[in-house]
Amino acid sequence: MREQLQKIKEEAVAAISSAQADVEALRVKYLGKKGELTSVLRQMGSLSAEERPAIGQLANEIRSQIEALIEKKAAEMRGAEMERRLREEKLDVTVPGRRAHVGKSHPLSVAQRELEDIFIGMGFEIAEGPEVEYDYYNFQALNIPKDHPARDMQDTFYITDNILLRSQTSPVQVRTMEKKRPPIKIISPGRVYRSDPMDATHSPVFHQVEGLVVDRGITMGDLKGTLEQFAKTMFGENTRIRFRPHHFPFTEPSAEVDVSCFVCGGKGCRLCKGEGWIEILGAGMVHPNVLRGCDIDPDEYSGFAFGLGVERIVMLKHHIDDMRLLYENDLRFLSQF
Ligand code: DAH
């Protein structure tokens, strides 16, 4: 038995040291319940009482030697596997990454957001209205009755006799005053429609921002201060504004508002066509008829309103000479902003 045990040990030592994988199989083979060592020990019964302790001790020693060898081998193999994976899965974090292609906002969206931010900064709220609008809101409630000549200024897309695509953002003034009591301080950005053929300065769809302030004691001075602040933030600290008398049916008095040319500062250049001034918006004091139509008493309240074209601002700021560029979605153009 002694020899058998020695033989098992030698075999096991050799098998373990040359093992490439699966040392667990060797554990089963030599030490398992049906393993070689166990089956030798089963024969212990045939030994004499004097031999048994010595053989037993030897068997136990061999068992623990084999166990230790297997454990050592298993640890070595785990280490080697770890080494291999570290080598193979090495990441070079200094390799330059692939550049992700990131899109940008359209210059019209950027300008609209900038306009919103400026007026929100002055305490305005944003109001919205429908693009498919009633004639009533787009015209009648704005002091433009059915046969009013001012309707000719705006070639309107009619859907039915009473429903149209709004030709201006001004109807949002009326919708707001119908819903809300003063103090009112809103801007309303959005799309408007006119049946103009597309050319360098016209488009059947374009964008406006409407402004409306109604409260007790609102004067033209408030309008001027608000627009001056806006112009300075939008076009630069040195910008000046000027009012020219004009006519809009929904304001009285009405004005067209110019800013000093932000390229030449007012001396006259190509952008301002030598004028030194650039027209940017229409404005005025809300007409009493408009207030009255919304059940706001013009003897108690007054207000100012203004409306500007977003395309015009974008074209001026970026020196774009053809409005069509803003709608063609040519990435060579858009990626410049
Ligand atoms: N709605 C006018 C237009 O489309 C612009 C405008 C002028 C709006 C004067 C106003 C205003 O609110 O007071 O031409």
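Given the structure is predicted, the values throughout are model-derived calculations rather than measurements.

Focus on the overall build of the chain
Each helix and strand in the chain was counted, giving 11 helices and 9 strands. Over its C-alpha atoms the chain spans a radius of gyration of 44 Å, topping by over 25% the 20 Å that the globule rule assigns to 337 residues. A sequence separation of at least 24 residues applies to 66% of the contacts in the chain between residues at least 6 apart. Accessible area for the chain stands at about 19300 Å²; split by element, carbon and sulfur atoms hold 52% of it. Side chains of the chain carry 45 positive and 51 negative charges; the gap between the two charge centres is 7 Å.

What about the sheet that holds strand β1 (residues 125-126)?
Pairing within the open sheet is mixed, and its 7 strands lie in the order β1-β4-β5-β9-β8-β7-β6. Each edge of the open sheet is held by one strand with a lone partner, namely β1 and β6 (241-248).

Some details on the domain arrangement of the chain
Looking at the assigned domains, one finds that the chain contains domain 1 (2-88) and domain 2 (107-334). Here the C-alpha centroids of domain 1 and domain 2 sit 92 Å apart.

Focus on the site of the ligand
The full set close to the ligand counts 16 residues, and Gln 168, Ser 170, Arg 194, Gln 208 and Glu 210 are the nearest of them. One of the side-chain N or O atoms of Gln 168 is found 2.7 Å from a nitrogen atom in the ligand. With respect to the ligand, the backbone of Ala 305 contributes an N or O atom lying 3.1 Å from an oxygen atom. Isolated, the ligand exposes 360 Å² of accessible area, and the fraction of that covered by the protein chains is 91%. Of the residues belonging to the shell around the ligand, the class tally is 5 nonpolar, 9 polar and 2 charged.

Quick notes on the side chain of Glu 210
Relative to the helices and strands, Glu 210 resides in strand β5 (residues 205-215). For the buried Glu 210, no salt bridge is present, and the opposite-charge side chain at shortest range is Arg 194, 8.3 Å distant. At a separation of 2.9 Å, a polar atom in the side chain of Glu 210 contacts the side chain of Thr 169. When sequence neighbours within four positions are dropped, the list of residues in contact with Glu 210 reads Thr 169, Ser 170, Gln 173, Ile 186, Ile 187, Ser 188, Phe 306 and Gly 307.

Remarks on the pairing of strand β8 (residues 277-286)
For β8, the tally of buried residues reaches 9 of 10 residues, placing the bulk of the element in the interior. For strand β7 (residues 251-260) and β8, the ladder comprises 8 bridges, and the chain directions are antiparallel. Directly across from Asp 258, in β8, lies its bridge partner Glu 279. Relative to strand β9 (residues 302-309), β8 is paired through 5 bridges, and the arrangement is antiparallel. Counted as the bridge partner of Leu 281 is Leu 308 from β9.

Looking at the nonpolar core
Of all hydrophobic cores here, the largest spans 41 residues; its most connected members are Leu 227, Phe 230, Ile 280, Leu 281, Phe 306 and Leu 326. Elements with a contribution of two residues or more to this core: α5 (107-121), β5, α8 (220-235), β7, β8, β9, α10 (310-318) and α11 (331-334). When near neighbours in sequence (up to four residues on either side) are disregarded, Phe 306 contacts Phe 119, Phe 124, Ile 187, Val 209, Glu 210, Gly 211, Leu 223, Leu 227, Leu 281, Gly 282 and Ala 283. Ala 150, Leu 164, Val 172 and Ile 296 belong to the second largest nonpolar core, which has 24 residues in total.

Points about the packing of helix α2 (residues 23-31) against helix α4 (residues 51-88)
Where α2 meets α4, the axes come as close as 10 Å, and the angle between the chain directions of the two elements is 175°. Considered as vectors, α2 and α4 are oriented roughly antiparallel to each other. Contacts between α2 and α4 pair Val 23, Leu 26, Arg 27, Tyr 30 and Leu 31 from the former with Arg 63, Ile 66, Glu 67, Ile 70, Glu 71, Lys 73, Ala 74 and Met 77 from the latter.

Describing the pairing of β7
Taken across its 10 residues, β7 has 8 buried, putting it largely inside the fold. Linking β6 back to β7 in an antiparallel pair, the connection comprises 2 residues.

Observations concerning the packing of aromatic side chains
One pass over the structure, following the stated rule, counts 9 aromatic pairs. Ring centres of Phe 230 and Phe 235 lie 6.5 Å apart, and the angle between their planes is 75°; on these two criteria the pair is classed as edge-to-face. Classification of Phe 230 by relative accessible area gives buried; the value is 0%. A centroid spacing of 4.8 Å and a plane angle of 10° characterise the contact between Phe 235 and Phe 262, whose relative ring orientation is stacked. Here Phe 235 is found in helix α8, whereas its partner Phe 262 is found in the loop between β7 and β8, with 27 residues between them in sequence. Judged by relative accessible area, which is 23%, Phe 262 ranks as partly exposed. An aromatic cluster is present here, built from Phe 119, Phe 124, Phe 230, Phe 235, Phe 262, Phe 304 and Phe 306 joined pairwise through their rings.

Notes on the pattern of salt bridges
Within the structure shown, the criterion is met by 18 salt bridges. A salt bridge links Arg 85 to Glu 89, with the nearest nitrogen and oxygen atoms 3.5 Å apart. Owing to a relative accessible area of 42%, Arg 85 belongs among the partly exposed residues under this scheme. Measuring nitrogen to oxygen at the nearest pair gives 3.8 Å for the salt bridge that ties Asp 135 to Lys 146. You can see Asp 135 sitting in helix α6 (residues 135-138) and its partner Lys 146 sitting in the loop between α6 and β3 (163-165), a full 11 residues away along the chain. When its relative accessible area of 47% is taken as the criterion, Lys 146 is described as partly exposed. Each of the salt bridges in this network shares a partner with another, and the network as a whole consists of Glu 24, Arg 27, Glu 71 and Arg 78.

Basis of the calculations
Residues numbered from 1 in each chain as written. Predicted model: local features only at pLDDT ≥ 70, side-chain atom pairs only at ≥ 80, totals over all residues. Heavy atoms only, no water. Helix = DSSP H or I, 4+ residues; strand = E, 2+ residues; numbered from the N terminus. Rg over C-alpha atoms; globule rule 2.2 N^0.38 Å. Contact = heavy atoms within 4.5 Å. Areas by Shrake-Rupley, 256 points an atom, 1.4 Å probe, with all protein chains shown as cover. Lys, Arg positive; Asp, Glu negative; His and termini not counted. Charge placed at Lys NZ, Arg CZ, Asp CG, Glu CD. Pairing = 2+ DSSP bridges. Domains from an automatic or database assignment. Near = heavy atom within 4 Å. Polar contact = N/O pair within 3.5 Å; in protein donor to acceptor, adjacent residues only side chain to side chain. Nonpolar A, V, L, I, M, F, W, Y, C, P; charged D, E, K, R; others polar. Buried < 20%, exposed > 50% of the residue type's maximum accessible area, 1.4 Å probe, protein only. Salt bridge = Lys/Arg side-chain N within 4 Å of Asp/Glu carboxyl O. Core = buried A, V, L, I, M, F, W, Y, C linked by side-chain atoms within 4.5 Å. Axes fitted to C-alpha atoms, helices over the stretch in contact; angles between N-to-C directions. Parallel < 35°, antiparallel > 145°, perpendicular 65-115°, else oblique. Phe/Tyr/Trp six-rings, centres within 6.5 Å; stacked < 30°, edge-to-face > 60°.

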